[in-house]
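Per-entry structural report
Residues per chain are reported as follows:
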Amino acid sequence: IQSVNYIPLETKEEAFIGRRVTGIKRIRDKYMIISRDGMNASFKFFNTDGTYYTEALTMGRGPVEMTYFSSYSFNDSTGLVTILDTEGGKAVKLDIVSLEKTRFSVSNGIKYAKLVALDNGNYLSLATNYNSKRTADKLVPYMYLLNQDFQIVDSLCDMVNREKKT
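This text gives an overview of the structure that appears in the document. (Residues numbered from 1 in each chain as written. Predicted model: local features only at pLDDT ≥ 70, side-chain atom pairs only at ≥ 80, totals over all residues. Heavy atoms only, no water.)

Regarding the overall build of the protein chain
Looking only at helices and strands, the protein chain has two helices and twelve strands in total. Going residue by residue from the N terminus, the α and β elements of the protein chain occur as β-β-β-β-β-β-β-β-β-β-α-β-β-α. Among the 166 residues that make up the protein chain, the fraction classed as buried is 39%. Surface summary for the protein chain: the accessible area is close to 9,900 Å², and the carbon and sulfur share equals 51%. (Helix = DSSP H or I, 4+ residues; strand = E, 2+ residues; numbered from the N terminus. Buried < 20%, exposed > 50% of the residue type's maximum accessible area, 1.4 Å probe, protein only. Areas by Shrake-Rupley, 256 points an atom, 1.4 Å probe, with all protein chains shown as cover.)

Below, the structure is given as structure tokens:
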């Protein structure tokens, strides 16, 4: 490392990060700082000069609040941060430019564990299928391709089965 930049963060009450920072990501011209304290999670955004910008995640049971933060993903090309709450059966997308939050239901019997945003706006997710009657399906992780509205487009399991049939 040849040089390090120190950016003092704004210290007003709503900018408080928390005790355990678990990630710092730069998305466009913002820094996203993720912290977790047990069940509580925080996604705070700061401008590159350290001034507080907004919070992406609020804990609670409201439509765009989270009961339990499971995973997150960000897409720098679209400016969207997606936060997954498998316990609450939803995902919330935050557009960091317009600050618009959109809620999507993900309670279709599939328990999504990890989320990866793709450049085209779709997602890959590691998950288990709790709708299945087979115990093995409930325990074995599958990879799902989800569209922008969190509808399943394809699954790795289906792709393997199609290859066997042909």
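Quick notes on the sheet that holds strand S3 (residues 40-47)
Strand order in this open sheet of four strands is S1-S2-S3-S4, and the pairing throughout is antiparallel. Every interior strand has two partners, whereas the edge strands, strand S1 (21-27) and strand S4 (52-55), have only one. Looking at each pair of strands side by side, their axes are set apart by 20° on average, direction ignored. Where S3 and S4 come together, three bridges link them in antiparallel fashion. Bridge pairing links Phe46 to Tyr52 in S4. (Pairing = 2+ DSSP bridges. Axes fitted to C-alpha atoms, helices over the stretch in contact; angles between N-to-C directions.)

Quick look at the sheet that holds strand S6 (residues 80-85)
Spatial ordering of the open sheet is given by S5-S6-S7-S8, a layout of four strands whose pairing is antiparallel. Sheet topology places strand S5 (71-75) and strand S8 (101-105) at the edges, where each strand pairs with a single neighbour. On average, each strand axis in the sheet is inclined to that of its neighbour by 20°, with strand direction left out of account. Relative to strand S7 (residues 90-95), S6 runs antiparallel, the two sharing six bridges. When the bridges of S7 are listed, Val81 appears paired with Leu94.

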